[in-house]
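# Per-entry structural report
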Amino acid sequence: MSQNSAGKSGTTHVWRDLEAPGIAAFEELARDAFAGLPASFRALCEGLIIRIEDFPTDEVLDEMGAETAFDLLGLFQGIGRAQSDAVAHTGQLPNMVFLYRRPILDYWAENEETLGDVVTHVLVHEIGHHFGLSDDDMEAIEDRAH
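Overview of the structure.

The rules behind these values
Residues numbered from 1 in each chain as written. Predicted model: local features only at pLDDT ≥ 70, side-chain atom pairs only at ≥ 80, totals over all residues. Heavy atoms only, no water. Axes fitted to C-alpha atoms, helices over the stretch in contact; angles between N-to-C directions. Helix = DSSP H or I, 4+ residues; strand = E, 2+ residues; numbered from the N terminus. Parallel < 35°, antiparallel > 145°, perpendicular 65-115°, else oblique. Left-handed = near helix turned anticlockwise from the far one by under 90°. Contact = heavy atoms within 4.5 Å. Nonpolar A, V, L, I, M, F, W, Y, C, P; charged D, E, K, R; others polar. Core = buried A, V, L, I, M, F, W, Y, C linked by side-chain atoms within 4.5 Å. Buried < 20%, exposed > 50% of the residue type's maximum accessible area, 1.4 Å probe, protein only. Expected span 1.5 Å × (residues − 1).

## As for the packing of helix α4 (residues 101-110) against helix α5 (residues 115-130)
At a minimum axis distance of 10 Å, the contact between α4 and α5 shows a crossing angle of 125°. The angle between α4 and α5 places the two elements in the oblique class. Both α4 and α5 take part in a crossing whose hand is right-handed. The residues of α5 that touch α4, namely those facing Ile 104, Leu 105, Tyr 107 and Trp 108, are Leu 115, Val 118 and Val 119. Counted by class, the contact of α4 with α5 contains 7 nonpolar, no polar and no charged residues.

## As for the nonpolar core
In this structure, Leu 99, Val 119, Leu 123 and Ile 127 are the most contacted members of the largest nonpolar core, which totals 24 residues. Looking at this core, the elements with two or more residues in it are α1 (23-35), β3 (96-100), α4, α5 and α6 (135-144). The element contributing the most residues to this core is α5, with 7 residues. Apart from the residues lying within four places of it in its own chain, the contact partners of Leu 123 are Ala 30, Ala 33, Phe 34, Ile 50, Val 97 and Leu 99.

## Quick look at α5
Counted at 1.5 Å a residue, the expected span for α5 with its 16 residues is 22 Å, and the 23 Å between its end C-alpha atoms agrees. Residues Leu 115, Val 118, Val 119, Thr 120, Val 122, Leu 123, Val 124, His 125, Glu 126, Ile 127 and Gly 128 constitute the buried set of α5. A positive phi of about 75° marks Gly 132, the residue just after α5.

In structure tokens:
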């Protein structure tokens, strides 16, 4: 290792100042990822709220049968398009996607994908499953995302 790469010359390396993205940075990343999805897919999601939490609640973990708080990367809560006609709309809360920051960061650290690609994948899959899309459909949507 050269003296410069070891940091002994006083050169400050950019990576030394990097921090894991916090909630605000994740919100921005999620907005950008959502904006990059095909317009036809985003149209399915009118009124969708994207929330960033560090971890799922204990209730969600129990309901989903998760073994650890790192098992869930995201969750869709609401009424999917396929179910919307069968459910009364009185008092209905808006559709929401929760992205769980710490499990996503853990997954990202263990895989060779960009953080943006991981967030896009989680968004597409959480939304897509509740709108009745197949895995092939969701893969095609991810491929078309910019």
